[in-house]
Amino acid sequence: MTAETRPAHLADRIKEVLRFDRFYSRRLREATKAARVHDVNIAELGIFQELLHGPCTPGWLSWRLDLDPGYLSRSLKQLELTRLVSVRGSDDDRRMRQVSLAIQRA
């Protein structure tokens, strides 16, 4: 092998490895996202357990579960996007929010 052909050969090998890496890393990301659909963390499990007793405010959930309000808000938004909980304005005071389990119909 001459010195002139070696860099071209090396560049082709690098491109091949990078293509392989991108293909499998994309598939791993997709598999991770698909697995996340049915996976809950401990904070979300606590939220579900508290909501079994009925609707409540995010402030009460934050106090009861000893969670940071920002973290709770992000968790509730994620659960709302997956349609597991519903967050709506309170019937008594529209400034307050009520969190409840979403009703799933088959």
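Numbering of residues starts from 1 in each chain and follows the order in which that chain's sequence is written. For this predicted model, a pLDDT threshold of at least 70 governs which residues receive local features, and a threshold of 80 or more governs which side-chain atom pairs are given and counted, while totals over whole chains, interfaces and linings are taken from all residues. Working from all heavy atoms in the structure, the side-chain values ignore hydrogens and water.

## Let's talk about a nonpolar patch on the surface
Here comes step 1: Together, L10, I14 and L18 make up an exposed nonpolar region whose accessible area comes to about 270 Å².
Here comes step 2: Considering the arrangement of structural elements, one finds I14 in helix 1 (residues 5-36).
Here comes step 3: Classification of I14 as partly exposed rests on a relative accessible area of 45%. Exposure above 30% relative accessible area and no salt bridge define the residues that can form patches, which grow by joining like charges within 9 Å and nonpolar side chains of Val, Leu, Ile, Met, Phe, Trp and Tyr within 5 Å. For every accessible area listed, the method is Shrake-Rupley and the probe measures 1.4 Å; residues are considered covered only by the protein chains on display. Counted as salt bridges are all cases of a side-chain nitrogen of Lys or Arg within 4 Å of a carboxyl oxygen of Asp or Glu. In this description a helix means any DSSP run of H or I spanning at least four residues, a strand means any run of E spanning at least two, and both kinds are numbered starting from the N terminus. Using a 1.4 Å probe on the protein chains alone, a residue whose accessible area is under 20% of its type maximum counts as buried, one over 50% counts as exposed, and one in between counts as partly exposed.

## Here's the deal with helix 3 (residues 58-65)
Here comes step 1: For helix 3, the set of buried residues is P58, L61 and S62. The buried residues of helix 3 occupy an angular sector of 100° when the element is viewed end-on, so they sit on one face. Exposed residues on helix 3 whose side chains face more than 90 degrees from its buried face are G59 and W63.
Here comes step 2: It only takes one pair of heavy atoms within 4.5 Å for two residues to be counted as in contact. Taken together, the buried residues of helix 3 touch helix 2 (42-51), helix 4 (69-81) and strand 2 (97-101).
Here comes step 3: Once helix 3 ends, the next one or two residues include D66, with phi positive near 55°. In this context, the arc is that of the directions from the helix axis out to the C-beta atoms.

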